[in-house]
There are 2 protein chains.
Amino acid sequence: MQYSSALLEAVIAELTRLPGLGRKSAQRIAFHLLRSGEADAKRLAQAILDLKARVQDCHVCGNVTETQPCALCADTRRDATTICVVEQPMDVLAIERTGEYRGVYHVLKGALSPIDGIGPEQLKLAELISRVKSSGAVEVIVATNPTAQGEATALYIARLLQGVPGVRVTRIARGVPMGSDLEFSDQVTLARAMSGRKEI
Amino acid sequence: MQYSSALLEAVIAELTRLPGLGRKSAQRIAFHLLRSGEADAKRLAQAILDLKARVQDCHVCGNVTETQPCALCADTRRDATTICVVEQPMDVLAIERTGEYRGVYHVLKGALSPIDGIGPEQLKLAELISRVKSSGAVEVIVATNPTAQGEATALYIARLLQGVPGVRVTRIARGVPMGSDLEFSDQVTLARAMSGRKEI
């Protein structure tokens, strides 16, 4: 690498630190930036700087936003009595894409994982409980990931909210994904799909 | 997407314009930048800006550089009488990685492709010819890609340099790649490997 441009190497090194980008992809992107117009590269750099400078967490739900509260929390057409709990802001985007949900969200910023040192204090759990109590919520849909950590977090939330009157805690359905082949489903998913069966 | 942060969407949009990044990967990177330290994101943005502001083409070989001539051309230990012709600066990196080549390079900035409007004038061919004539080169190794365009360019270069005395024009070997299975080699490659056979 000694003969490459140091500045080019710097871009490649920074790109390699991003998730999902190996040396080859980073190199391809760096050369693309080098070839592309000055304006394109500047716009990317500026967008990154703006992101860090101005995007923050919504004080109400923890989702990413530039305004307080976020557009979702501020939207009076949304049902504020139904709160969907997710691990990350990306999960909000994923659920919004379905177009099926009209309630609000609560972003935990992770899931319980003692092995990684993530206990209840590292998550936005206290905020969730006080929000549920003060907002007159009637349903809390726990949409944490169907992983060991996500399931543990869901159970923990259910226990925390057990004493709160008038609040139903539900969990998103886990089963075989639409469009998949039973043959290729793992046994845990298939067992869950069997036990979670419903009358047609 | 109406509920996402506009600034976050801007970063995702800019990232999606880069080669090899789809919406999902761009989203993952954008959220990673959002979570990562301020310094990390700034370093990436600055590296991109520096790249555009200060990296240029070497006036001699056309490779990317911050100095004139580039470190490769300036290195007196390299054999300046052997010139390896490649399509892009990335190819220089690839050949340098082998550690086997001690000559210099000439970057064409593409390959002949009439269908894309790329003729001899769009490539650094005139520069190559005058460089070969003036530098006392004894060998020009044509290392353009083994594609239709790269092969056409190689033949074109060979014809251009036919009249120049004392210059040998060679082409990198094309055949079955090391570590591959003959069974999975395409027929053009295999035919080339057969016709290009050498005594052991």
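Residues numbered from 1 in each chain as written. Chains lettered and ligands numbered in written order. Predicted model: local features only at pLDDT ≥ 70, side-chain atom pairs only at ≥ 80, totals over all residues. Heavy atoms only, no water.

Moving on: the overall build of chain A. Helices and strands together make up the secondary structure of chain A, namely eight helices and six strands. For chain A, the succession of helices and strands along the chain, N to C, is α-α-α-β-β-α-β-α-β-α-β-α-β-α. For chain A, the C-alpha radius of gyration of 22 Å lies well beyond 16 Å, the compact-globule estimate for 200 residues. For chain A, the C-alpha atoms occupy an extent of roughly 65 × 45 × 35 Å along the three principal directions. The contacts in chain A between residues at least 6 apart in sequence include a share of 47% that link residues at least 24 apart. On chain A, roughly 11,000 Å² of surface is accessible, and the fraction owed to carbon and sulfur atoms is 55%. Of the charged side chains in chain A, 24 are positive and 22 negative; the average position of the first set lies 2 Å away from that of the second. (Helix = DSSP H or I, 4+ residues; strand = E, 2+ residues; numbered from the N terminus. Rg over C-alpha atoms; globule rule 2.2 N^0.38 Å. Contact = heavy atoms within 4.5 Å. Areas by Shrake-Rupley, 256 points an atom, 1.4 Å probe, with all protein chains shown as cover. Lys, Arg positive; Asp, Glu negative; His and termini not counted. Charge placed at Lys NZ, Arg CZ, Asp CG, Glu CD.)

Listed by partner, the interface residues are 58 residues for chain B and 59 residues for chain A. The junction of chain B with chain A conceals about 5,600 Å² of combined surface from both sides, 70% of it contributed by carbon and sulfur atoms. Scanning the region where chain B abuts chain A turns up four salt bridges. For the interface between chain B and chain A, the tally reads 16 residue pairs in polar contact (both at pLDDT 80 or more). (Buried area = accessible area lost by both parts, 1.4 Å probe. Salt bridge = Lys/Arg side-chain N within 4 Å of Asp/Glu carboxyl O. Polar contact = N/O pair within 3.5 Å; in protein donor to acceptor, adjacent residues only side chain to side chain.)

Residues and elements named next belong to chain A. Under the defined criterion, the tally for this structure stands at 23 salt bridges over all chains. The salt bridge involving Arg-174 is made with Glu-151; its shortest N-O contact spans 2.5 Å. Of this pair, Arg-174 sits in the loop between strand 6 (168-171) and helix 8 (187-195) while Glu-151 sits in helix 7 (residues 148-160), and the two are 23 residues apart along the sequence. Overall, Arg-174 belongs to the partly exposed group, its relative accessible area being 23%. (Buried < 20%, exposed > 50% of the residue type's maximum accessible area, 1.4 Å probe, protein only.)

With that out of the way, let us pick up the relation of the copies chain B and chain A. The two copies are related by a screw operation: chain B maps onto chain A through 180 degrees of rotation and 0.0 Å of translation along the axis, at an RMSD of 0.0 Å. Interpreted geometrically, this transformation is the action of a two-fold axis. By C-alpha distance to the rotation axis, the residue of chain B lying nearest is Ala45(B), at 2.2 Å. A shared interface surface links the copies, since 100% of the contact residues of chain B are contact residues in chain A too. (Least-squares fit on C-alpha atoms with pLDDT ≥ 70 in both.)

What follows concerns the packing of aromatic side chains. Think of a pair of aromatic rings as described by two things: how far the centres are apart, and how the planes are tilted against each other in angle. Residues and elements named next belong to chain A. A complete count under the given rule lists two aromatic pairs over all chains for this structure. Measuring from ring centre to ring centre gives 5.2 Å for Tyr-101 and Tyr-105, while their planes differ by 65 degrees; the resulting arrangement is edge-to-face. Pair check on accessibility: Tyr-101 and Tyr-105 agree, each one buried. (Phe/Tyr/Trp six-rings, centres within 6.5 Å; stacked < 30°, edge-to-face > 60°.)

Let us now look at the environment of Ala47(A). Within the element layout of this structure, Ala47(A) appears in helix 3 (residues 38-54). Measuring from C-alpha to C-alpha, the distance between Ala47(A) and Glu14(A) comes to 16 Å, with 33 residues separating the pair along the chain. Not counting residues up to four positions away in its chain, the partners in contact with Ala47(A) are Ala10(B), Val11(B) and Glu14(B).

Attention now moves to the domain arrangement of chain A. Under the domain assignment, chain A is made up of domain 1 (6-54) and domain 2 (64-199). Relative to domain 2 of chain A, the C-alpha centre of domain 1 of chain A lies at a distance of 34 Å. (Domains from an automatic or database assignment.)

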